[in-house]
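Residue-level structure breakdown
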Amino acid sequence: MNKLTSWILWSIYSVVIWGLFLLPAVFVLIRSVDGSGAVQTVESRMTSLIVLILFFLIPFIIQIIWMVFNMVFYKRVPSQRMN
């Protein structure tokens, strides 16, 4: 995989992950009643948001590792790169 392809795939992955995170986060923050009919308080909204953040920690960590890999691996001189 060349440098440009890797960065393009990383960008697509980033947009998808951030979209998948932000849409439910906004939904959790603006809803007034949850699925069971309980009225949402600030505490219950923050708890739901923390659970969502914990769920998305793994994709965010993968994203950071991939970015660091791209920065380190593609910074080398082409003759030093492993093929």
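If you're wondering where the values come from, they're calculated on a predicted model, not measured in any experiment. (Residues numbered from 1 in each chain as written. Predicted model: local features only at pLDDT ≥ 70, side-chain atom pairs only at ≥ 80, totals over all residues. Heavy atoms only, no water.)

**Section: the nonpolar core**
Grouped together as the largest cluster of nonpolar side chains are 7 residues: Ile 17, Phe 21, Ala 25, Leu 49, Leu 52, Phe 56 and Phe 60. Within the residue set of this core, elements represented by two or more residues are α1 (3-30) and α2 (42-55). The element contributing the most residues to this core is α1, with 3 residues. (Core = buried A, V, L, I, M, F, W, Y, C linked by side-chain atoms within 4.5 Å. Buried < 20%, exposed > 50% of the residue type's maximum accessible area, 1.4 Å probe, protein only. Helix = DSSP H or I, 4+ residues; strand = E, 2+ residues; numbered from the N terminus.)

**A word on the packing of α1 against α2**
Running from N to C, α1 and α2 point in directions that differ by 170°, and their axes come no closer than 9 Å. Considered as vectors, α1 and α2 are oriented roughly antiparallel to each other. For the pair α1 and α2, the sense of crossing is right-handed. Of the residues in α2, those touching α1 at Phe 21, Pro 24, Ala 25, Val 28 and Leu 29 are Arg 45, Met 46, Ser 48, Leu 49, Leu 52 and Ile 53. Its residues placed into classes, the contact of α1 with α2 shows 9 nonpolar, 1 polar and 1 charged. (Axes fitted to C-alpha atoms, helices over the stretch in contact; angles between N-to-C directions. Parallel < 35°, antiparallel > 145°, perpendicular 65-115°, else oblique. Left-handed = near helix turned anticlockwise from the far one by under 90°. Contact = heavy atoms within 4.5 Å. Nonpolar A, V, L, I, M, F, W, Y, C, P; charged D, E, K, R; others polar.)

**Looking at the packing of α2 against helix α3 (residues 57-73)**
Where α2 meets α3, the closest approach of the two axes is 4 Å, and the angle between their N-to-C directions is 40°. Between α2 and α3, the crossing angle belongs to the class labelled oblique. Here Ile 53, Leu 54 and Phe 55 of α2 come into contact with α3, specifically with Leu 57, Ile 58 and Pro 59. Looking at the contact of α2 with α3 residue by residue, the class counts come to 6 nonpolar, no polar and no charged.

**Overview of the packing of aromatic side chains**
All told, the structure shown has 9 aromatic pairs when counted by the stated rule. Ring geometry for Phe 21 against Phe 56: centres 5.5 Å apart, planes inclined by 75°, an arrangement best described as edge-to-face. Taken together, the residues span a long stretch of sequence, with Phe 21 in helix α1 and Phe 56 in the loop between α2 and α3 at a distance of 35 residues. With respect to burial, Phe 21 and Phe 56 carry one shared label: buried. An angle of 85° between the planes, with centres 5.3 Å apart, marks the rings of Phe 55 and Phe 56 as edge-to-face. By relative accessible area, Phe 56 is classed as buried at 7%. (Phe/Tyr/Trp six-rings, centres within 6.5 Å; stacked < 30°, edge-to-face > 60°.)

Function cannot be read off these values alone, since they describe shape.
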